[in-house]
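Here is what each chain is made of, one letter per residue.
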There are 2 protein chains.
Amino acid sequence: MLDGKRDALVTREKLVVAAVSLILRHGYHATGVEAICAEAGVTKGAFFHHFQNKDELGLAVIQWWSAMGTSFYSKAWADETADPLDQLDATLDIMEGFASRPDEPCICCIGMMAQELATTHPEIRASCGREFEVWTRNIAALLQKAKERRKPLREFDPEQVAWFLHSIWQGSMLLAKTRGEQTLILNNLKQARAYVHSFFRAKPSAPHRGTKAQRR
Amino acid sequence: MLDGKRDALVTREKLVVAAVSLILRHGYHATGVEAICAEAGVTKGAFFHHFQNKDELGLAVIQWWSAMGTSFYSKAWADETADPLDQLDATLDIMEGFASRPDEPCICCIGMMAQELATTHPEIRASCGREFEVWTRNIAALLQKAKERRKPLREFDPEQVAWFLHSIWQGSMLLAKTRGEQTLILNNLKQARAYVHSFFRAKPSAPHRGTKAQRR
DNA sequence: TCAAGCATACCAACCGGTATGGATGTTTGT
DNA sequence: ACAAACATCCATACCGGTTGGTATGCTTGA
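The following refers to the structure shown. Because the structure is a prediction, the values reported are computed rather than measured.

This part is about the overall build of chain A. Tallying secondary structure elements over chain A gives ten helices and zero strands in all. Principal-axis analysis of the C-alpha atoms gives chain A an extent of 60 × 40 × 35 Å. Of all 216 residues assigned to chain A, the portion counted as buried reaches 51%. The long-range share in chain A, meaning contacts at least 24 apart out of those at least 6 apart in sequence, stands at 69%. Roughly 10600 Å² of accessible area belongs to chain A as shown, and the carbon and sulfur atoms make up 54% of that amount. One finds the centroid of the 28 positive side-chain charges in chain A at a distance of 4 Å from the centroid of its 25 negative side-chain charges.

Below, the structure is given as structure tokens:
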């Protein structure tokens, strides 16, 4: 029975989700195993049945967050035939939407774990690096396609620009944490969008709809 | 006697410096009070004589790092009569130099603490925010001056651009932590420099010396 | 002489992790 | 078909080590 009282996969998922929620709020070290179990509604017996130790859960958390992120951007990335510049705009729209959710902080679980654990936990550092590359490669691919279709106004390296955009994104979330509001992120995204557009001739068709996805 | 065996200010400074060093390597929570004392060559008696608790030391660490940072940029910011755009370039040169130190990671203590403690420690969050603003205000002031002296090619808000640059800086250091090398930071700084220059007409005088401060 | 500065010893709380046994679903023997 | 046997799943209880923090008293400089 899939929805029976006892399902290992469900329990495991509950633990990972609980860990994500707590790590986002308190960070990795400040989140105890018992606190995760309490949030998930299980006990330590279940925890150490699914994970050898806390760090192994950390790796699962990173993968879970990355998978969630990829599905989060799927609307912008899925259509292979779409205009790549439109896809980049759609990506930025999604990011704006993520930063515009009321009463929800705009933070990245992987960014937090990378900051806290990169120097001490080599495996977690490597995992964070891999998942960072997933996002960046997707952006770089769109930039590459855009570069091929429309001749850019000036030369640029898609990969480097993608890392540049990712840095803006992570840095924005970091700086915004110290302030009450998230307009900083939205302002940065606007500049990032303009930066991307600056490589290409303005499109005559789309009248640049500006900021979308504000306040549901 | 200032250089006597016993000097409260020196001891306090040793504790703060030791804490900075350890926090940069292991993060805040993973850095124990006893470890800090060992690194500083004192005991817990000294620690809790100077700081009521660990968080109070955290605040001192933030202020220490901010002060060090400001003096770090003093060469670029001190001269009131200099050309503001040159000052911005000098600032980016210093940042490139910071990212080019061999075998030294390019990381920010305040960025790390903000990421780890912003949601749980309101006072530390506020302190990080204040020190972030110090850097940003300096950059914004230079951009403002540059905007006044030479008419920019297009309109921009100095404060928003300054936060944008700060985000790039913090995000670059964060992403670079997950990789072995720091060329990512240098590439981002190049794009940031080009972005700043894109607001102004190219200067005929300075032939744009490119990347400086590589490998001593 | 006296307070500031600091070392020593100590503590309750909490941490990640383990040992053990019971509950549950699945497979197997007949 | 049905129970026995089994492996998976998870709860309970427990543990050694570490944590931030304290109580106390010696030492040093003024």
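Every contact between the two is made by 39 residues of chain A and, on the other side, 39 residues of chain B. The contact between chain A and chain B buries some 3700 Å² in all, and 62% of this surface belongs to carbon and sulfur atoms. The tally of links from chain A across to chain B stands at two salt bridges. The partner of Arg 179 of chain A in a salt bridge is Glu 133 of chain B, with the nearest N and O atoms 2.8 Å apart.

Below, the discussion takes up the protein's contact with DNA strand C. Within the structure, DNA strand C sits among 18 residues, and Val 33 and Lys 44 of chain A together with Thr 11, Thr 43 and His 50 of chain B are positioned closest to it. Looking at DNA strand C alone, sugar and phosphate atoms form 58% of those within 4 Å of the protein. Within the side chain of His 49 of chain B, one N or O atom sits 3.3 Å away from a phosphate oxygen of DNA strand C. Broken down by element, the surface near DNA strand C gets its largest block of residues, four residues, from helix H3 (residues 44-50) of chain B. Looking at the surface near DNA strand C residue by residue, the class counts come to five nonpolar, eight polar and five charged.

What counts and what doesn't
- Residues numbered from 1 in each chain as written.
- Chains lettered and ligands numbered in written order.
- Predicted model: local features only at pLDDT ≥ 70, side-chain atom pairs only at ≥ 80, totals over all residues.
- Heavy atoms only, no water.
- Helix = DSSP H or I, 4+ residues; strand = E, 2+ residues; numbered from the N terminus.
- Buried < 20%, exposed > 50% of the residue type's maximum accessible area, 1.4 Å probe, protein only.
- Contact = heavy atoms within 4.5 Å.
- Areas by Shrake-Rupley, 256 points an atom, 1.4 Å probe, with all protein chains shown as cover.
- Lys, Arg positive; Asp, Glu negative; His and termini not counted.
- Charge placed at Lys NZ, Arg CZ, Asp CG, Glu CD.
- Buried area = accessible area lost by both parts, 1.4 Å probe.
- Salt bridge = Lys/Arg side-chain N within 4 Å of Asp/Glu carboxyl O.
- Near = heavy atom within 4 Å.
- Polar contact = N/O pair within 3.5 Å; in protein donor to acceptor, adjacent residues only side chain to side chain.
- Nonpolar A, V, L, I, M, F, W, Y, C, P; charged D, E, K, R; others polar.

Interpretation in functional terms is not warranted from these geometric data alone.
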